[in-house]
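Structural description and commentary
One letter stands for each residue in the lines below.
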Amino acid sequence: MPSNQSPLGSLPSRFRRERVLIVGCGDIGMRVADQLSPRVRLMALTSNAARVPQLRAHGVTPLNGNLDAPRTLRRLAGLATRVVHLAPPPANGWADTRTQSLAQALRMRARPRSVVYGSTTGVYGDCGGEWVAETRAVRAHSPRAQRRVDAEARMRFWGRGSGARVSILRIPGIYATNRAGGTPRERLLKGIPVLRDEDDVYTNHIQADDLARACCLALWRGAAQRIYNVNDDSGLKMGDYFDVAADLYGLPRPQRIAREGAAEQLPLVLLSFMNESRRMRNQRMKDELGLRLRYPTVHSGLR
């Protein structure tokens, strides 16, 4: 399929006005909506009245509801033929109660044909820089990643019981020049250091529009209860990623420091990402979803 062709382009006309519900319609959800419109009827769950005008401007019908208030989700029953679930888990605990509530609502009446759930590559844990395929067992180290493991299990269990095709997309760091905080420029301007090469970790990336295209393709092409790594072909260590960005933006490359002293100079959140190293394989994404990356490396995407 040509990279600029809609994933719905080859479908019979009777299927082109399916009803797609986006749950967690933030930046990526809006990109999904823009790529699917106007070939399907688009709906989005929102608990924020201020978002309604923006959603309507993109051809999306807002549905008032809150994943933390299960009773408000009853109206979702039987509405959608396909669902894109991009909402994050709650901030605390080991279980994703939001995904549990959504699954319960979708059980009522006619079930959607397919569901795409946006997870994270963090479920693999630290892999020591090894290449990681979807067959690798999960080994989440943090409560944040464990909540994603819980959500994946809930969605796959729901798919087996309902007969719907559930596709799990394991997503790394998302970037885009037109996404808030979507490039390393701000961090480079602050002069935050990175680890020296011998202490550094491999990170993985996906450009936001390529991720949205993967979500759209998975709605129609994803296999039942199938997991897909969704990342580009960069395969860079974290420090190298920031060096690439610095060179593209004409900024100084960040200082390199040893891991031993990193705790004194880096934020705790950033340190947590520096404790996990892996290189993601994406062949299943290319072969089964048919995604041709428009931005195969960060060198092209950060421009």
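The rules we used
- Throughout this description, residue numbers start from 1 for each chain and increase along the sequence as written.
- Totals for whole chains, interfaces and linings use every residue, but because this is a predicted model, local features are given only for residues with pLDDT of at least 70 and side-chain atom pairs only at 80 or more, for both listing and counting.
- As a rule here, side-chain values cover all heavy atoms of the structure and leave hydrogens and water aside.
- By salt bridge we mean one thing: a side-chain nitrogen of Lys or Arg within 4 Å of a carboxyl oxygen of Asp or Glu.
- The helix and strand labels rest on DSSP assignments: H or I over at least four residues marks a helix, E over at least two residues marks a strand, and numbering proceeds from the N terminus.
- Burial classes: relative accessible area under 20% of the type maximum marks a residue as buried, over 50% as exposed, and values in between as partly exposed (1.4 Å probe, protein chains only).
- For two strands to count as paired, DSSP must find a minimum of two bridges between them.
- Helix axes are fitted to C-alpha atoms over the stretch in contact, other axes to C-alpha atoms as well, and angles between N-to-C directions run from 0 to 180 degrees.
- By definition, residues are in contact when any of their heavy atoms lie within 4.5 Å.
- Side-chain atoms alone can form a polar contact between residues adjacent in sequence; in general such a contact is a pair of N or O atoms within 3.5 Å, and within protein one must be able to donate a hydrogen while the other accepts it.
- Among buried residues, those of type Ala, Val, Leu, Ile, Met, Phe, Trp, Tyr and Cys that are joined through side-chain atoms within 4.5 Å constitute a nonpolar core.
- In these notes the angle categories are as follows: under 35 degrees is roughly parallel, over 145 is roughly antiparallel, 65 to 115 is roughly perpendicular, and the rest is oblique.
- Only Asp, Glu, Lys and Arg are considered charged, only Ala, Val, Leu, Ile, Met, Phe, Trp, Tyr, Cys and Pro nonpolar, and every remaining residue, Gly among them, polar.

Once that is clear, we can look at the pattern of salt bridges. One pass over the structure, following the stated rule, counts 24 salt bridges. Measuring nitrogen to oxygen at the nearest pair gives 2.7 Å for the salt bridge that ties arginine 179 to aspartate 27. Taken together, the residues arginine 179 in the loop between strand E8 (173-175) and helix H5 (185-190) and aspartate 27 in helix H1 (residues 27-36) connect sequence positions 152 residues apart. Ionic pairing is found between lysine 190 and glutamate 186, a salt bridge with its closest N-O pair at 3.4 Å. Taken as a pair, lysine 190 and glutamate 186 lie in helix H5 at a separation of four residues, close to a single helical turn. A single burial state applies to lysine 190 and to glutamate 186, both of which are exposed. One continuous salt-bridge network, built from bridges that share partners, spans Asp200, Asp240, Asp243, Asp247, Arg253 and Arg256.

With that out of the way, let us pick up the sheet that holds strand E7 (residues 165-171). In spatial order, the strands read E3-E2-E1-E4-E5-E7-E11; together these seven strands make up an open sheet with parallel pairing. Unpaired on one side and paired on the other, strand E3 (60-64) and strand E11 (226-229) mark the two borders of the sheet. If you compare each strand with its neighbour and ignore which way they point, the axes differ by 20° on average. Pairing of strand E2 (residues 41-46) with E3, which is carried by five bridges, proceeds in the parallel orientation. What sits directly across from alanine 44, in E3, is proline 62. Sitting on the sheet, helix H4 (residues 143-162) touches strand E4 (82-85), strand E5 (114-120), E7 and E11, and the angle it makes with E5 is about 165°. Along the sheet face, helix H6 (residues 208-221) touches strand E1 (19-23), E4, E5, E7 and E11 and points at about 160° away from the line of E7.

Let us look at helix H3 (residues 97-107). For the α-helix, the turn length of 3.6 residues means that residues three or four positions removed from each other point alike. Among all positions of H3, only Thr99, Ser101, Leu102, Ala103, Ala105 and Leu106 are buried. Turning to H3, the residues buried within the fold contact E1, E4, E5 and H4. You can read the cap of H3 off the contacts: a side-chain oxygen lies 3.1 Å from the backbone nitrogen of arginine 98, and it is on aspartate 96. Positive phi appears at arginine 109, one or two residues downstream of H3, with a value of about 60°.

On a regular strand, one side chain projects to one face of the sheet and the next to the other, so that they alternate. Of all seven residues making up E7, six are buried, and the element is well covered by its neighbours. In terms of strand pairing, E5 meets E7 through seven bridges, oriented parallel. Its bridge partner lying in E7, threonine 120 is registered against isoleucine 171. For E7 and E11, the ladder comprises four bridges, and the chain directions are parallel.

A word on the nonpolar core. Where a protein is soluble and globular, its nonpolar side chains tend to be buried together. Residues Val20, Val32, Leu36, Leu42, Leu169 and Val230 are the most contacted members of the largest nonpolar core, which totals 36 residues. The set of elements that each furnish at least two residues to this core consists of E1, H1, E2, E7, H6 and helix H9 (283-289). Counting residues per element, this core draws most heavily on H6, which supplies ten residues. Dropping the residues within four chain positions of it, leucine 42 is found in contact with Val20, Ile22, Ala33, Leu36, Ser37, Gly59, Val60 and Thr61. Core analysis: the next-biggest nonpolar cluster, separate from the first, contains 30 residues, Val23, Leu102, Ile168 and Met280 among them.

Attention shifts here to the environment of glycine 239. By secondary structure assignment, the location of glycine 239 is in helix H7 (residues 238-249). Relative accessible area serves as the criterion here: at 0%, glycine 239 is assigned to the buried category. As a C-alpha pair, glycine 239 and glutamine 100 span 139 residues in sequence and 38 Å in three-dimensional space. Sequence-distant contacts of glycine 239, defined by excluding residues within four places in its chain, comprise Val194, Asp200 and Arg256.

The next subject is the packing of H3 against H4. As a packed pair, H3 and H4 sit with axes 9 Å apart at the nearest point and diverge in direction by 10°. As summarised for this structure, H3 and H4 are arranged roughly parallel, according to the angle between their axes. Every residue of H4 that contacts H3 at Thr99, Gln100, Ala103, Leu106 and Arg107 is listed here: Ala151, Arg154, Met155, Phe157 and Trp158. Tallied by class, residues from the contact of H3 with H4 come to six nonpolar, two polar and two charged.

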